Amino acid sequence: MAARLRAVGAWPVAVRPVRAVGPADPDAVAEATRRAVARPVHDVVAFSAPGLRTWLRIAQEAGHGDRVAALLREARLVAHDARAVGVLRELGLAPTRPPARDPDRWLRDQPMAGRRVVAVVGSDHHREWCAVLGRRGADVVEVATSRALPPPRAHELRRLWTGIVRGHVDAVALTGPATAVDLLRRADADGVLDDVRDALTERVLVACLGPLTAAPLRERGMTPVVAAAPCLAGLLAALVEQVPGRGPTLDVDGHRMQIRSRSVAIDDLVIPVQAGPMTVLRVLARSPGRVTSSAEIRGASAAWSGVNDHAVEMAVSRLRRAFDDTPLAGVDLVQTVVRGGYRLIA
């Protein structure tokens, strides 16, 4: 996902709020297997080779090996990736392999009404595909072969909260239901849930892999963007469509200026701006032409609570220099009002 974002010019920061480990609780896998073999199955969808191997091993240990083998011989076998194809062929089975160039679209377009499907889920985000099949009319039995645990380093999440609340990011992409649940739970435990919720509601776009991922946010009054299909390509498409149009946009000296989290776009030119000057610009852009005092600027960000007026003055100076060698060079963009403060040209 990060590589795809970099390819379209974004600056991605990867944070792992949960980690998938296997195997899942053997008793839970065995119970799902009992439900799977209780009635005839039309389709078995294997999302990953490790998940498929785990299921077959636990089913054998739980005494369901023969019934699972019969199920696999009778059902249509859909392998979501090449390695899952290999596992099934090792067993002497002939799986259906979706087209390599677009397996997600193939799976999404399959007629599923009235079909009973066993989905071997190897990771949390695969649950979104189970929901898609269910909405298309299938009776889906999920066999989850991994479990989500907290990350080993919680400080990464705290840096994420800081970036969201202070406006250092334009968007947050959530890639699975457990990710969304754990992010919100940890924000609540750190005492920043209200600040994070406000930021994700007012300033920062939050994009979700699917409805299951979006549900915990919607329960807290947020309105995330949901990918059209629960795959990385769908999530990327949602970000590419939604992010560029966000952020305050001003008409300055005949040029279109859009304010982003760490940069300013002047027409088609993107200018990186440091965090301090960026804070000043965002505050002034709320009311172009209005004089804003240094105290108001300092009060707009928790990171500025301990600075003085001189620090604000230096940030304004750096902000002005950031527009050197740009189409706005020579424009009195940020004006100083003696004994008043600063204002952005209207």
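Further up the page is the structure itself.
Report on the accompanying structure. Small disclaimer: the values here were computed from a predicted structure and weren't measured.

Attention now goes to the pairing of strand S14 (residues 334-337). Pairing analysis gives four bridges linking S14 to strand S15 (residues 341-344), with the strands arranged antiparallel. Residue pairing in the sheet places glutamine 335 in a bridge with arginine 343 of S15. Taken together, S14 and the strand that follows it, S15, pair antiparallel across an intervening segment of three residues, in which arginine 339 is found at a positive phi of about 60°.

Ordered by their spatial adjacency, four strands build an open sheet running S3-S2-S4-S5, and the pairing between neighbours is parallel. For this open sheet the edge positions go to strand S3 (76-79) and strand S5 (139-144), each flanked by a neighbour on one side alone. In this sheet, adjacent strand axes meet at a mean angle of 20° when their direction is disregarded. Across four bridges, strand S2 (residues 43-46) lies against S3 in parallel orientation. Residue pairing in the sheet places aspartate 43 in a bridge with arginine 76 of S3.

When its volume is computed, the second largest pocket comes out at roughly 410 Å³. The wall of the second largest pocket is formed by 21 residues, among which Arg4, Asp104, Cys231, Leu232 and Ala233 lie closest to the centre. Those elements giving two or more residues to the lining of the second largest pocket turn out to be helix H6 (103-109), helix H7 (126-135) and helix H12 (232-242). A class-by-class count of the residues in the lining of the second largest pocket yields 11 nonpolar, four polar and six charged.

So, on to the pattern of salt bridges. Per the counting criterion, the structure on display carries 14 salt bridges. Between aspartate 194 and arginine 197 there is a salt bridge whose closest N-O contact spans 2.4 Å. Of this pair, aspartate 194 and arginine 197 both sit in helix H10 (residues 193-202), three residues apart, roughly one helical turn. On the basis of relative accessibility, which here comes to 46%, the residue aspartate 194 falls in the partly exposed class. Here the salt bridges do not stand alone but share partners, grouping Arg39, Arg116 and Asp139 into one network.

Time to look at empty space enclosed by the protein. The full count for this structure, using the stated rule, is one cavity of 30 Å³ or more. Around the largest cavity sit Trp161, Ile164, Val172, Leu174, Ala180, Leu183, Leu184, Val196, Leu200 and Leu217, which together line it. Sorting the residues of the lining of the largest cavity by element identifies helix H8 (155-165), strand S7 (171-174), helix H9 (177-189) and H10 as the ones contributing at least two each. With three residues, H9 is the largest single contributor of residues to the lining of the largest cavity. Its residues assigned to classes, the lining of the largest cavity shows 10 nonpolar, no polar and no charged.

Attention shifts here to the packing of helix H13 (residues 275-285) against helix H15 (residues 309-322). Helices that pack against each other are described as a pair by the angle of their axes relative to one another and the distance between those axes. At a closest axis distance of 8 Å, the pairing of H13 and H15 adopts a crossing angle of 90°. In terms of orientation, H13 lies roughly perpendicular with respect to H15. Across the interface between the two elements, Gly276, Pro277, Val280 and Leu281 from H13 touch Ala315, Val316, Arg318 and Leu319 from H15. Classifying every residue of the contact of H13 with H15 by side-chain character gives six nonpolar, one polar and one charged.

This model, assessed by the stated rule, comprises zero disulfides. Free cysteine: cysteine 208, not disulfide-bonded; nearest cysteine sulfur from cysteine 231 at 14 Å. Of the residues examined, cysteine 231 reaches a relative accessible area of 11% and is grouped as buried.

The backbone of aspartate 325 shows a phi angle near 60°, a positive value even though the residue is not glycine. Within the secondary structure, aspartate 325 is located in the loop between H15 and S14.

The next point concerns H12. If you check which residues of H12 are buried, you get Gly234, Leu235, Leu236, Ala238 and Leu239. Next to the buried residues of H12 lie helix H1 (2-7), S7, strand S8 (205-208) and strand S9 (225-226).

Side chains of residues three or four places apart in an α-helix project in the same direction, reflecting 3.6 residues per turn. For H15, with 14 residues, the first-to-last C-alpha span of 20 Å sits near the 20 Å given by 1.5 Å per residue. The N-terminus of H15 is capped by asparagine 308, whose side-chain oxygen sits 3.1 Å from the backbone nitrogen of histidine 310.

What follows deals with the side chain of threonine 54. On the secondary structure map, threonine 54 appears in helix H3 (residues 49-61). Classification of threonine 54 by relative accessible area gives buried; the value is 15%.

The next subject is the sheet that holds S7. Within the open sheet, the three strands sit side by side as S7-S8-S9. Their pairing is parallel. Looking at the sheet topology across the chains shown, the edges are occupied by S7 and S9.

This next bit is on the packing of H8 against H9. Close contact between H8 and H9 brings their axes to 11 Å; oriented N to C, the two are set at 85°. With respect to H9, the element H8 is oriented roughly perpendicular. In this structure, H8 contributes Leu157, Leu160 and Trp161 to the contact, and H9 contributes Leu183, Arg186 and Ala187. Its residues assigned to classes, the contact of H8 with H9 comprises five nonpolar, no polar and one charged.

Okay, the environment of isoleucine 58 next. Along the chain, the position of isoleucine 58 falls in helix H3. Owing to a relative accessible area of 2%, isoleucine 58 belongs among the buried residues under this scheme. Sequence-wise, isoleucine 58 and arginine 34 are 24 residues apart; in three dimensions their C-alpha atoms are separated by 12 Å.

Definitions and cut-offs
Residues numbered from 1 in each chain as written. Predicted model: local features only at pLDDT ≥ 70, side-chain atom pairs only at ≥ 80, totals over all residues. Heavy atoms only, no water. Pairing = 2+ DSSP bridges. Helix = DSSP H or I, 4+ residues; strand = E, 2+ residues; numbered from the N terminus. Axes fitted to C-alpha atoms, helices over the stretch in contact; angles between N-to-C directions. 1 Å grid on protein atoms, 1.4 Å probe; cavity = no way out; pocket = protein on both sides within 12 Å on 5 of 7 lines; lining within 4 Å. Points joined across faces, edges and corners; volume = space filled by probe spheres on them. Nonpolar A, V, L, I, M, F, W, Y, C, P; charged D, E, K, R; others polar. Salt bridge = Lys/Arg side-chain N within 4 Å of Asp/Glu carboxyl O. Buried < 20%, exposed > 50% of the residue type's maximum accessible area, 1.4 Å probe, protein only. Parallel < 35°, antiparallel > 145°, perpendicular 65-115°, else oblique. Contact = heavy atoms within 4.5 Å. Disulfide = S-S within 2.5 Å. Expected span 1.5 Å × (residues − 1). Polar contact = N/O pair within 3.5 Å; in protein donor to acceptor, adjacent residues only side chain to side chain.

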